[in-house]
Amino acid sequence: MERLGTGIGWRPEIADAVERMPGIEWVEVVAENVCPGHLPESLGRLRMRGVTVIPHGVSLGLGGAERPDAGRLAALAERVEALGAPLVTEHIAFVRAGGARTASPLLEAGHLLPVPRTRDALDVLCENVRITQDALPVPLAVENIAALISWPGEEMTEGQFLYELADRTGVRLLVDVANLHTNHVNRGEDPAKALAELPLEAIAYVHVAGGFERDGVWHDSHAHPVPEPVLDVLADLASRVSPPGVLLERDENFPEPAELARELEAVRGALEKGAAERGVARATASSAGAAEGERVTLPAESTEPARQRLALAQTALLSALVAGTPVPEGFDGVRLGVQARALAGKRADVVGKIAPELPVILGEKYRGLFLAYAHGHPMSGGYRRDALDFAEHLLVSETPAEGPTRRELREWWLERSGPVPPSRRPVVRAVRAARRVLQHR
């Protein structure tokens, strides 16, 4: 694996700061947020300077019961080619459930949810990873995720699960040390034990991010400074192996460039601390960390029973989280409640960003109205569809009542729900604006 060095997550809000920041050797971009034919100019300038750009996918759902969607794979491959990336990454998670296997509606989580560490889930994940590897023009690396909840009846630790995954597929690992810390707080899992069980030679690069603790639950926010416990996990990892690359993630609540630079220095400091310890007290990952038993690569057709069982289990969990159905047996109902509220809150936040006109039109009532809507209306498509469905729900339920707000909401919905996007021609936009003014008189 080529050396990447120190990098930062590229986001439009900090694009200028990233370009000016010294010592940035590579960046990572959310794959679904870039259009191959219209790459942001900032990314183009970074690439011309020789800065590596790696696409990071969030929507494949490699840990789900279904095989990866061919259209999503093709779109991811297209972004790899457009960015000239040497690597592409995704998550060990499921993001949707339901559908034909379960004779239930398709549900979207809008979030990365943990897969059970069971033989069934591992067999399905291995096949999904192989399918993805075959469809992509560059190597794939997969990331461990943060979680609020634990599956009952798990058969492996996180380290054992990742070891077998890498061993059976050859996939590389994107190790998120912030997520290891999150799982330590939320699920009582020891980060050092997980690191000791990992195949360290399979590491492609490392993520570092901040979060916060509230009522005994760690929230992996990517909106706060990197705390010392996360830097300690990074130093522990660096004491075992020199990672090819380390990347600082920040998704919102962006600080001043000087603060980002200080965080990067703290990351470099943790790496130097770990490197100094490497050879003094080295913990070596070995096959003892893997689960017992012979590792067998199953033929594709033999995963069907496992897929069916996994589909039923994941649908029951996701339905409890987003549709208010009973908590599946063995799960912590309190933790599921925390996760359900977090999912609804995230939906409200993302819809507000995807469709910023809605919070403006509805004002301070937006969040309350959306959370009430989300409670009984699971997301069945992406966030853009969710925004339209929310607006339609309000109009059908006659909320708000007839008046300027309702007329503006109706106009917004009509413009975006039709088969043709609204024109951006100045004359047409002026006519629309004049019509709004007349409607409000």
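Here we summarise the structure given alongside this text. Model, not experiment: these values are computed from the prediction.

## Quick look at unusual backbone geometry
A negative phi angle characterises most non-glycine residues, just as the trans form characterises most peptide bonds. The peptide bond linking Thr399 to Pro400 adopts the cis configuration, its omega dihedral lying at 0°. With respect to the helices, strands and loops of the structure, Pro400 is situated in the loop between helix H14 (383-396) and helix H15 (404-417). Of note, His222 is a non-glycine position whose phi angle comes to about 60°, a positive value. Here Glu398, not a glycine, exhibits a phi torsion of approximately 60°, which is positive. Secondary-structure assignment places Glu398 in the loop between H14 and H15.

## Overview of empty space enclosed by the protein
One pass over the structure, following the stated rule, counts two cavities of 30 Å³ or more. The computed volume of the largest cavity comes to approximately 120 Å³. Considering the residues around the largest cavity, the lining is formed by Ile92, Pro114, Val115, Arg117, Asn144, Ile145, Ala147, Glu158, Phe161, Leu162, Asn183 and Arg187. At the level of elements, helix H5 (158-169) and helix H6 (177-187) are the ones that each hand at least two residues to the lining of the largest cavity. Per element, the largest residue contribution to the lining of the largest cavity is three residues, and it comes from H5.

## Brief notes about the packing of helix H13 (residues 366-376) against H14
The packing of two helices is summarised by the inter-axis angle and the distance between the axes. Taken N-terminus to C-terminus, the directions of H13 and H14 make an angle of 95°; their axes are 11 Å apart at the nearest point. Viewed along their axes, H13 and H14 adopt a mutual orientation that is roughly perpendicular. The segment H13 lies against H14, with Tyr366, Leu369, Phe370 and Tyr373 engaging Asp386, Asp389, Phe390, His393 and Leu394. Tallied by class, the residues present in the contact of H13 with H14 amount to six nonpolar, one polar and two charged.

## Examining helix H10 (residues 304-322)
Taking 1.5 Å per residue, 19 residues should reach 27 Å; H10 reaches 26 Å between its end C-alpha atoms and fits that length. Where the residues of H10 are buried, they touch strand E5 (94-99), strand E6 (104-113), helix H4 (119-135), helix H11 (333-354) and H13. Directly after H10, the chain includes Gly324, whose backbone phi takes a positive value near 75°.

## Digging into the packing of aromatic side chains
A complete count under the given rule lists seven aromatic pairs for this structure. With a centroid separation of 4.6 Å and an interplanar angle of 70°, the aromatic rings of Trp26 and Tyr205 are classed as edge-to-face. Taken together, the residues span a long stretch of sequence, with Trp26 in strand E2 (residues 26-30) and Tyr205 in strand E9 (residues 203-208) at a distance of 179 residues. Here Trp26 matches Tyr205 in class, with each residue buried. With 6.1 Å between their ring centres and 35° between their planes, Tyr366 and Phe370 make a pair best called tilted. You can see Tyr366 and its partner Phe370 sitting in helix H13, four residues apart, about one turn around the helix. Classification of Phe370 as buried rests on a relative accessible area of 0%. Through a chain of ring-to-ring contacts, three or more aromatic side chains come together here, namely Tyr366, Phe370, Tyr373 and Phe390.

## A short note on the environment of Ser59
Positionally, Ser59 belongs in the loop between strand E3 (52-56) and helix H3 (70-83). Judged by relative accessible area, which is 16%, Ser59 ranks as buried. The spacing of Ser59 and Gly382 is 323 residues in sequence and 9.8 Å in space, taken between C-alpha atoms. Look past the residues within four positions of Ser59 in its chain and what remains in contact with it is Glu32, Arg72, Glu90, Val95 and Arg96.

Conventions adopted
Residues numbered from 1 in each chain as written. Predicted model: local features only at pLDDT ≥ 70, side-chain atom pairs only at ≥ 80, totals over all residues. Heavy atoms only, no water. Helix = DSSP H or I, 4+ residues; strand = E, 2+ residues; numbered from the N terminus. 1 Å grid on protein atoms, 1.4 Å probe; cavity = no way out; pocket = protein on both sides within 12 Å on 5 of 7 lines; lining within 4 Å. Points joined across faces, edges and corners; volume = space filled by probe spheres on them. Axes fitted to C-alpha atoms, helices over the stretch in contact; angles between N-to-C directions. Parallel < 35°, antiparallel > 145°, perpendicular 65-115°, else oblique. Contact = heavy atoms within 4.5 Å. Nonpolar A, V, L, I, M, F, W, Y, C, P; charged D, E, K, R; others polar. Expected span 1.5 Å × (residues − 1). Phe/Tyr/Trp six-rings, centres within 6.5 Å; stacked < 30°, edge-to-face > 60°. Buried < 20%, exposed > 50% of the residue type's maximum accessible area, 1.4 Å probe, protein only.

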